[in-house]
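One letter stands for each residue in the lines below.
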Amino acid sequence: MKALVLSGGAGTRLRPFSYSMPKQLIPIANKPVLEHVLENVRAVGVTDVGVVVGDRADEIAQVIGDGSRLGLRITLIPQEKPLGLAHCVALARPFLGDDDFVMYLGDNMLPGGIAGIAADFAAHRPDAEVVVHKVRDPRAFGVAELAPDGSVLRLVEKPEHPRSDLALIGVYFFTPAVHDAVAAIAPGARGELEITDAIQWLVTHGSRVTASEYDGYWKDTGRADDVLACNRAMLGEQTTRIDGEVDAASVVAGRVVIEAGARLVGSTVAGPAVIGSGTVIANSTVGPHTSIGRDCVLRDTTLTDSIVMDGASITAVTGLRSSLIGRNAVVGAGAEGDGHRLVIGDHTHIEVAA
């Protein structure tokens, strides 16, 4: 089996970050979303991975390289325009050949992994197997309607009156039968080749299409609030590890990771939290559910429930919460404030007033 990981797309819901970095590289618990995805792929025994990339291919390549660091063999597959998920399958046909494959959206987080579902697909080998998850409001998703035996009767995109609460969540397993379906469909209303149309074509033409329910934590990290929520969930699962320097005037409590090369000076860190290598935190308080990237500087600052990306600097800001601070951003304040919530892109300089 091979894997096809989709890492194109403009990421408009994550601006300003997606102006300067691919959305798949947004860090969750100090690790890019894409890396979490690739680790899930490797965990099911798949090592040959095609990654579909758009105009940010160079940045993605800098992070994942040829895959050897992750125990994978990665082939980058360029897509000039985002013309749909099924279009990605068509582009990847030379890479995929006649192998079965798992297709995985590169901005979806499934911390529980997909090993059980992959084993089910391998054991029964339907023509296609979709991964679904129960959601409160299915109207915002592609929805699968199932027969009692778990086979797919129909896929409906964003139905006004859903007949099921099972949403498609961006992981699909296919045999080579999907290539005939992709070749047979036409672009939909958005001008894109929709993977739901290809799967529905399989259903209509008598192919065996099944669904497996993923009942763990799942998040599409397409918006800032979703990124923060996912960060909270992932930090809550980590194990305490202190490899950096913590001086006698500092306090560390709860599930906290302090990476080698990080320094705490007269500061408090309350977990769950992670502090990246090379970061200096001085006379500051880092509250729960916070990830601080590599080579950051925090001085005289209080923040909680936030993500601070590599190289950022925050000075004399109190009450910072539920914030996303981009790479190499500089945030300062001339006076104390309370209740700040910031979403700041890369290389931004901002002063926060009370």
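Located above this text is the structure these notes cover.
Bear in mind the structure is a predicted one, so any value in this text is a computation, not a measurement.

Cut-offs used in this document
Residues numbered from 1 in each chain as written. Predicted model: local features only at pLDDT ≥ 70, side-chain atom pairs only at ≥ 80, totals over all residues. Heavy atoms only, no water. Helix = DSSP H or I, 4+ residues; strand = E, 2+ residues; numbered from the N terminus. Rg over C-alpha atoms; globule rule 2.2 N^0.38 Å. Buried < 20%, exposed > 50% of the residue type's maximum accessible area, 1.4 Å probe, protein only. Contact = heavy atoms within 4.5 Å. Areas by Shrake-Rupley, 256 points an atom, 1.4 Å probe, with all protein chains shown as cover. Lys, Arg positive; Asp, Glu negative; His and termini not counted. Charge placed at Lys NZ, Arg CZ, Asp CG, Glu CD. Pairing = 2+ DSSP bridges. Salt bridge = Lys/Arg side-chain N within 4 Å of Asp/Glu carboxyl O. Phe/Tyr/Trp six-rings, centres within 6.5 Å; stacked < 30°, edge-to-face > 60°. Lys NZ or Arg CZ within 6 Å of the ring centre and 35° of its normal. Polar contact = N/O pair within 3.5 Å; in protein donor to acceptor, adjacent residues only side chain to side chain. Core = buried A, V, L, I, M, F, W, Y, C linked by side-chain atoms within 4.5 Å.

### Examining the overall build of the protein
Turning to step 1, where the next piece is worked out: The number of helices and strands found in the protein is 9 helices and 32 strands.
Turning to step 2, where the next piece is worked out: Taking 20 Å as the expected radius of gyration for a compact globule of 354 residues, we find that the protein reaches 22 Å, a close match to that expectation.
Turning to step 3, where the next piece is worked out: Within the span of the protein, comprising 354 residues, buried residues form 53% of the whole.
Turning to step 4, where the next piece is worked out: In the protein, the share of contacts with a sequence separation of at least 24, taken over all contacts with a separation of at least 6, comes to 48%.
Turning to step 5, where the next piece is worked out: Counting only carbon and sulfur atoms, one obtains 49% of the accessible surface of the protein, whose full area is about 15000 Å².
Turning to step 6, where the next piece is worked out: When the 31 positive and 43 negative side-chain charges of the protein are each reduced to one mean point, those points stand 2 Å apart.

### Digging into the pairing of strand β12 (residues 209-213)
Turning to step 1, where the next piece is worked out: With respect to burial, β12 is a largely interior element, 4 of its 5 residues being buried.
Turning to step 2, where the next piece is worked out: Strand direction decides the pairing type here: strand β8 (residues 128-134) and β12, joined by 5 bridges, are parallel. Each bridged residue has a counterpart across the sheet, and for Val130 the counterpart in β12 is Ala211.

### What to know about unusual backbone geometry
Residues other than glycine predominantly adopt negative phi, and peptide bonds predominantly adopt the trans conformation.
Turning to step 1, where the next piece is worked out: In this chain, Gly271 is followed by Pro272 through a cis amide linkage whose omega measures 5°.
Turning to step 2, where the next piece is worked out: In this structure, Pro272 sits in the loop between β19 (268-270) and β20 (273-275).
Turning to step 3, where the next piece is worked out: Even without a glycine there, the phi angle at Ala29 is positive, about 50°.
Turning to step 4, where the next piece is worked out: Mapped onto the elements of the fold, Ala29 is located in the loop between β2 (27-28) and β3 (31-32).
Turning to step 5, where the next piece is worked out: In this structure, Asn30 takes a positive phi of about 65° despite not being glycine.
Turning to step 6, where the next piece is worked out: Summarising the element assignment, Asn30 is placed in the loop between β2 and β3.

### Comments concerning the pattern of salt bridges
Turning to step 1, where the next piece is worked out: All chains considered together, the criterion is met by 18 salt bridges.
Turning to step 2, where the next piece is worked out: Salt-bridge contacts for Lys31 lead to Glu39; the nearest nitrogen and oxygen are separated by 3.1 Å.
Turning to step 3, where the next piece is worked out: A salt bridge links Glu194 to Arg190, with the nearest nitrogen and oxygen atoms 2.9 Å apart.
Turning to step 4, where the next piece is worked out: Classification of Glu194 by relative accessible area gives buried; the value is 14%.
Turning to step 5, where the next piece is worked out: A relative accessible area of 59% places Arg190 in the exposed class.

### Comments concerning the packing of aromatic side chains
To describe a pair of aromatic rings, you give the distance between the ring centres and the angle between the ring planes.
Turning to step 1, where the next piece is worked out: With the rule as written, the count across this model stands at 4 aromatic pairs.
Turning to step 2, where the next piece is worked out: Their ring planes at 10° and their centres at 6.1 Å tell us that Tyr172 and Phe174 sit as a pair that is stacked.
Turning to step 3, where the next piece is worked out: With a relative accessible area of 0%, Phe174 lands in the buried category.
Turning to step 4, where the next piece is worked out: Members of the aromatic cluster, each reached through a chain of ring pairs, are Phe101, Tyr172 and Phe174.
Turning to step 5, where the next piece is worked out: We note Lys2 situated over the ring of Phe95; from NZ or CZ to the ring centre the distance is 4.9 Å.

### Here's the deal with the side chain of Gln200
Turning to step 1, where the next piece is worked out: As for its position among the elements, Gln200 is in helix α8 (residues 195-204).
Turning to step 2, where the next piece is worked out: Reaching out from Gln200, the side chain makes a polar contact with the backbone nitrogen of Leu155 at a distance of 2.8 Å.
Turning to step 3, where the next piece is worked out: Excluding residues within four positions of it along the chain, Gln200 makes contact with Leu153, Arg154 and Leu155.

### Brief notes about the sheet that holds strand β22 (residues 285-286)
Strand pairing in a sheet takes place through backbone hydrogen bonds and is either antiparallel or parallel in direction.
Turning to step 1, where the next piece is worked out: Taking strand neighbours across the sheet as the criterion, the 5 strands line up as β16-β19-β22-β25-β28 in an open arrangement whose pairing is parallel. Looking along the sheet, the strands with just one partner apiece sit at the ends: β16 (251-253) and β28 (320-321).
Turning to step 2, where the next piece is worked out: Summarising the sheet, strand β25 (residues 302-304) and β28 pair through 2 bridges and their orientation is parallel. For Thr304, the partnering residue across the bridge sits in β28 and is Arg321.

### Observations concerning the environment of Leu91
Turning to step 1, where the next piece is worked out: By secondary structure assignment, the location of Leu91 is in helix α4 (residues 85-91).
Turning to step 2, where the next piece is worked out: Judged by relative accessible area, which is 32%, Leu91 ranks as partly exposed.
Turning to step 3, where the next piece is worked out: For Leu91 and Ile74, which are 17 residues apart along the polypeptide, the C-alpha to C-alpha distance reads 15 Å.
Turning to step 4, where the next piece is worked out: Not counting residues within four places of it along the chain, the set of residues in contact with Leu91 comprises Ile77, Pro78 and Gln79.

### Points about α8
Turning to step 1, where the next piece is worked out: Where burial is concerned, most of α8 is hidden: 7 out of the 10 residues are buried.
Turning to step 2, where the next piece is worked out: In the segment just after α8, Gly206 is the residue with positive phi, at about 85°.

### Quick look at the nonpolar core
Turning to step 1, where the next piece is worked out: Ranked by internal contacts, the top residues of the largest apolar core, which has 35 residues, are Leu4, Met103, Phe174 and Ile195.
Turning to step 2, where the next piece is worked out: In terms of residues, this core owes the most to one element, α8, which gives 5 residues.
Turning to step 3, where the next piece is worked out: Not counting residues within four places of it along the chain, the set of residues in contact with Phe174 comprises Asp100, Phe101, Met103, Phe121, Asp127, Ala128, Ile195 and Ile199.
Turning to step 4, where the next piece is worked out: With 32 residues, the next largest nonpolar core counts Leu25, Val37, Val53 and Val171 among its residues.

### Considering the environment of Val297
Turning to step 1, where the next piece is worked out: Relative to the assigned elements, Val297 resides in strand β24 (residues 297-299).
Turning to step 2, where the next piece is worked out: On the basis of relative accessible area, Val297 is assigned to the partly exposed category, the value being 26%.
Turning to step 3, where the next piece is worked out: Not counting residues within four places of it along the chain, the set of residues in contact with Val297 comprises Val280, Ala312, Ser313 and Ile314.

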